[in-house]
Amino acid sequence: MNTKVFKMPAMKDSNIVKIAVEMAQQVPQLIEFNQKQPLAAIIQELCNGWGLSDPDQYALQFSENNNQNYITEKNRNEIKNGSVLRLTHSPSTTAHDILQKLNTGTNEDKLNAVQKLSKLSTDMTFALEFINKQGLALIISIIEGGKCKGNMLAYSLISFVELMDHGIVSWDILESPFINKVASYVNNQAVAQDAKVVQASLSILENIVLNSSGKYGQVEREVTFPNLVMHLQSQNPVIQQNAIALINALFLKADNSKRKAISATLSSKQVRNVILTNVIQSSSGQVGAEMAHQLYVLQTLTLGLLEQRMSSKMDPQDQDAHEKIKELRRIAFDTDGTGVCGDVTARKQLGVFAKDYKKLGFKYDINPALDFTETPPGMLALDCMVYFARHHTENYTKVVLENSCRADEHECPFGRTSVELVKLLCEVLRIGEAPSEQGQNYHPMFFTHDHPFEEFFCICIILLNKTWKEMRATIEDFVKVFSVVREQITRALASQPTGLDKFRAKLQVLTYSEITNLWQQERTSREEWESHARPIVELKEQIKPEIMELIQQQRLGFLVEGTRFTKYSMRGQRIKDKFWYVRLSPNHKVFHYGDCDEKSVPTLEELPNKLAVVDIKALITGKECPHMKDIRGRKTTHQLAFSLTLDSVEVTSLDFVAPDEQVFDYWTDGINALLGNKMLSKETENDVETLLSMDIKLRLLDAEGVDIPEDPPPIPSDPPNYDFCYELK
């Protein structure tokens, strides 16, 4: 009798991956890479295979186009089956070789060395070695010396930027000669100036302003605004972008008086036209994501100068302010020497203008100064009203006199509505708030006028009076009118008008009746079932699990579609022009991620890095994220931050900052769903309510017109007998 012995198949070791390793002038080796084996031992075996001595002088490197970093114990887990690695000289050896060539090599050797350095400097491992060997000091001295030109200078500057980006060395180490030299490359008007030199120089100066403790003043003295404006006319979008970024940095660090001077320069017609023509309305026809962010920051900082007036109450001793209030009355009622609604001379003789102030619509007609004690809008309201009266006198007198001489209760009080309107405009434009890290929403029309906010007010106050008349409103309808006006303004702004005239034209279309129709349509489409009847509540409870399943499928589908995220440093600082893309595999088991540019949407195959869902330990959001623990009071990016903590020694977390709240909610919902946790975001709440409302309405179509009681009817008591029952035969 023959006995067969069946052996269980050997379990596959998840720590071993099959890879190829290549080396210049050598036949590639196919090996099994054991993640538990020390890197030094693996390199020793590879060197033995190729007959190389001194394995300590070699290191492994990724060989993909977008990832050529050295492999260390921290990133070795990124090596996957099928990866192709390269055996090359170690970071220490390479750094030593580059330094030797820079010190003693020929001009060609130096150029090749600094070109190689510009590529390797993006790798943290190499950067540490190079800096520790005093390489950064050498690059600084090369730039300071001013002897290198062309590509040698360009690659030196690029290398410096990449080395400093790692945050290994403080920006405070830089001395005046270096800053002056870099500033000279920005100020250089030469047509033949290398674009890479200008790009890197602008980026260096921006970082000095933002990240050094006392170098702002020197950069501000060395770099002139006319030269920065000149770079805005460049055909190179990166130079334009870096120029605006430097302007923003100087603006951000300046004191209030210097900010006003910068704003006055930027608001001049010449500079505004440059920004409009060369940046916003460029030949490409589209503003990139990073440029949109820089324009948003510039606009936020410029409008932010209004905060001081917005937050200032009227001082009873401020004679200039009192004169402005009198000027409002004088322009409205004394234009031709005779009052419109009475005798001006008689009023002057009496010295009493209380009636005029009442007709102007002030809340406190005896002492109109009290109308400007509320902050916001504070004194900004008076500034806007006087601007309207001085620069749009005809419209001002028309608005005031139309309402001041009305005999019915439908007059629109100019003073009170102006104060409230300025407050509303400050809320809509978020004046006083710091620019956010993710913001990209700027308004091109504010670059078309020397006094954009005041002109904005002038258009909106005319709109308010028009809407007031269309609604036949009284003073009791004050809040209702402003809710309509807010809707008109926000909808018109959302259409991104390129000029104030187009904004005005858009408002003409958005009449009160049009807003009412839009609201009605939206209410019909999203109306919720608000009944608290028990049958409806119970029906909702039955339907809710199906709805949650549907939302979960949508969230996971969003993750499969993928999202482009902006890269952030471990200190929570946004890295300009650096993006990465993350998407979930269709089987919902693996996240694929990798670097990308601001326009591409990589496929799964193009994303080199993977993270298995089973390796995720937990989801962390907000300030508890590893990359948000050192934000040091900067902009409130932590509200959009989340991290995946991993069961891994080498990589402890994968850190994200979502571009907006919806993406944040979708990603955290999807990750919670994958981890078996509840989806608790605001988007989930809104979606549940909307879908439940729709489902309930569909199910109750047959019950239309039937009154559903709050409680089910009581069950009748048992009958005295059951004689009425019988059996069918």
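Structure: above.
Let me begin by describing the structure that accompanies this report. (Residues numbered from 1 in each chain as written. Predicted model: local features only at pLDDT ≥ 70, side-chain atom pairs only at ≥ 80, totals over all residues. Heavy atoms only, no water.)

Quick word on the pattern of salt bridges
Here is the rule we go by: For salt bridges, the criterion is a side-chain nitrogen of Lys or Arg within 4 Å of an Asp or Glu carboxyl oxygen. Only DSSP runs of H or I covering at least 4 residues are called helices, and only runs of E covering at least 2 are called strands; the numbering of each starts at the N terminus. Buried residues are those whose accessible area, probed at 1.4 Å on protein chains only, stays under 20% of the maximum for their type, while exposed residues exceed 50% and partly exposed ones sit between those limits.
Enumeration according to the criterion identifies 20 salt bridges in this entry. Residue Asp-383 is joined to Arg-309 by a salt bridge in which the shortest nitrogen-to-oxygen separation is 2.8 Å. Of the two residues, Asp-383 is situated in helix H19 (residues 379-391) and Arg-309 in helix H15 (residues 307-310); the sequence distance between them amounts to 74 residues. Ionic pairing is found between Asp-669 and Arg-555, a salt bridge with its closest N-O pair at 2.9 Å. Placement of the pair is Asp-669 in helix H27 (residues 661-674) and Arg-555 in helix H26 (residues 534-561), with a sequence separation of 114 residues. Across the pair, exposure class does not vary: Asp-669 and Arg-555 are buried alike.

Observations concerning helix H14 (residues 289-304)
Heads up, the rule is: Take the residue count of a helix, subtract one, and multiply by 1.5 Å to get its expected span.
Taking 1.5 Å of rise per residue, 16 residues should cover 22 Å, and H14 covers 22 Å from first to last C-alpha, within 8% of that figure. In terms of burial, H14 is a largely internal element, 13 of the 16 residues being buried.

Here's the deal with the pairing of strand S2 (residues 29-34)
What counts, and what does not: Whether two strands pair depends on DSSP finding at least two bridges between them.
Residue alternation in S2 divides its side chains into a buried set, Gln-29, Ile-31 and Phe-33, and an unburied set, Leu-30, Glu-32 and Asn-34. Bridging between strand S1 (residues 16-22) and S2 involves six bridges; their strand directions are antiparallel. Residue pairing across strands places Lys-18 opposite Glu-32, the latter belonging to S2. Hairpin connection, S1 to S2: the antiparallel pair is bridged by six residues, and Gln-25 has positive phi, about 60 degrees.

Examining the sheet that holds strand S5 (residues 563-568)
For clarity, the cut-off: Inter-axis angles, ranging from 0 to 180 degrees, are taken between N-to-C directions of lines fitted to C-alpha atoms, where helices are fitted over the stretch in contact.
Taken in spatial order, the four strands line up as S5-S6-S7-S8 in an open sheet, and their pairing is antiparallel. A strand with exactly one partner marks an edge of an open sheet, and here the two such strands are S5 and strand S8 (609-612). Across the sheet, the axes of successive neighbouring strands diverge by a mean angle of 30 degrees, strand direction being ignored. Relative to S8, strand S7 (residues 590-596) runs antiparallel, the two being bridged by four bridges.

Structural notes on the environment of Ile-19
How we decide: When checking whether two residues touch, look at their non-hydrogen atoms; a contact exists if any pair is within 4.5 Å.
Note that Ile-19 resides in strand S1. Once the C-alpha coordinates of Ile-19 and Ile-79 are considered, the two residues, 60 residues apart in sequence, prove to be 8.3 Å apart. Setting aside chain neighbours within four positions, we find Ile-19 in contact with Gln-29, Leu-30, Ile-31, Phe-33, Ile-79, Lys-80, Ser-83 and Leu-85.

Regarding the packing of helix H22 (residues 452-470) against helix H24 (residues 500-509)
Spelled out, the test is: Working definition: roughly parallel below 35 degrees, roughly antiparallel above 145 degrees, roughly perpendicular at 65 to 115 degrees, and oblique for all remaining angles. Each crossing gets its handedness from the near helix: less than a right angle anticlockwise from the far helix is left-handed, clockwise is right-handed. Following the grouping adopted for this structure description, the nonpolar residues are Ala, Val, Leu, Ile, Met, Phe, Trp, Tyr, Cys and Pro, the charged ones are Asp, Glu, Lys and Arg, and the polar ones are all others, Gly among them.
Two elements in contact, H22 and H24, have axes separated by 11 Å at closest approach and are oriented at 15 degrees. Put simply, H22 runs roughly parallel to H24. Considering how the two elements wind past one another, H22 and H24 form a crossing that is right-handed. For the pair formed by H22 and H24, the contact residues are Glu-455, Phe-456, Ile-459, Cys-460, Leu-463 and Lys-466 on the first element and Leu-500, Phe-503, Arg-504, Leu-507 and Gln-508 on the second. Looking at the contact of H22 with H24 residue by residue, the class counts come to seven nonpolar, one polar and three charged.

Here we look at the side chain of Lys-576
Using the following cut-off: Identification of polar contacts relies on pairs of N or O atoms within 3.5 Å, with a donor-acceptor requirement for protein atoms, meaning one able to donate a hydrogen and the other able to accept it, and with residues adjacent in sequence counted only if both atoms are side-chain atoms.
Take Lys-576: it is sitting in strand S6 (residues 574-584). Polar contacts involving the side chain of Lys-576 include one to the side chain of Glu-206, which spans 2.7 Å. Of note is the side chain of Lys-576, whose polar atom sits 3.3 Å from the side chain of Asn-242. Apart from the residues lying within four places of it in its own chain, the contact partners of Lys-576 are Ser-203, Glu-206, Gln-241, Asn-242, Ala-245, Glu-290 and Gln-294.

Notes on the sheet that holds strand S11 (residues 653-657)
Sheet architecture is open: three strands sit in the order S9-S10-S11, paired in antiparallel fashion. Taken across any chain shown, the strands that pair with only one partner, and hence form the sheet edges, are strand S9 (616-621) and S11. The average undirected angle you get between the axes of adjacent strands in this sheet is 15 degrees. Of the strand pairs in this sheet, strand S10 (residues 641-646) and S11 are connected by five bridges, and their pairing is antiparallel. Directly across from Ala-641, in S11, lies its bridge partner Val-657.

Details of the side chain of Glu-327
Topologically, Glu-327 is positioned in helix H16 (residues 319-333). Sequence-distant contacts of Glu-327, that is, excluding residues within four places in its chain, are made with Val-386 and Arg-390.

Structural notes on the packing of aromatic side chains
The cut-off we apply is this: Paired rings are identified among Phe, Tyr and Trp, the last through its six-membered ring, by centres lying within 6.5 Å, and are further divided according to the angle between planes into stacked (under 30 degrees), edge-to-face (over 60) and tilted (the rest). Here, over-ring charges are defined by two tests on the NZ atom of lysine or the CZ atom of arginine: distance to the ring centre within 6 Å, and angle to the ring normal within 35 degrees.
For the coordinates displayed, the defined rule picks out 25 aromatic pairs. Between Phe-388 and Tyr-396, the ring centres sit 5.9 Å apart and the planes meet at 85 degrees, which makes this aromatic pair edge-to-face. Summarising the burial analysis for this pair, Phe-388 and Tyr-396 share the class buried. Centroid distance Phe-558 to Tyr-666: 4.9 Å. Interplanar angle 85 degrees. Geometry classified as edge-to-face. Separated by 108 residues along the polypeptide, Phe-558 in helix H26 and Tyr-666 in helix H27 bring together distant segments of the chain. Put simply, the rings of Phe-565, Trp-580, Phe-591, Tyr-593, Phe-642, Phe-656, Phe-664 and Trp-667 pair up and form one aromatic cluster. The lysine or arginine in question, Lys-196, covers the ring of Tyr-155, its NZ or CZ lying 5.9 Å from the ring centre. In this arrangement the basic side chain of Arg-416 is found over the ring face of Phe-478, its NZ or CZ atom lying 4.2 Å from the centre.

Treat this as a map of the structure, not an account of what it does.
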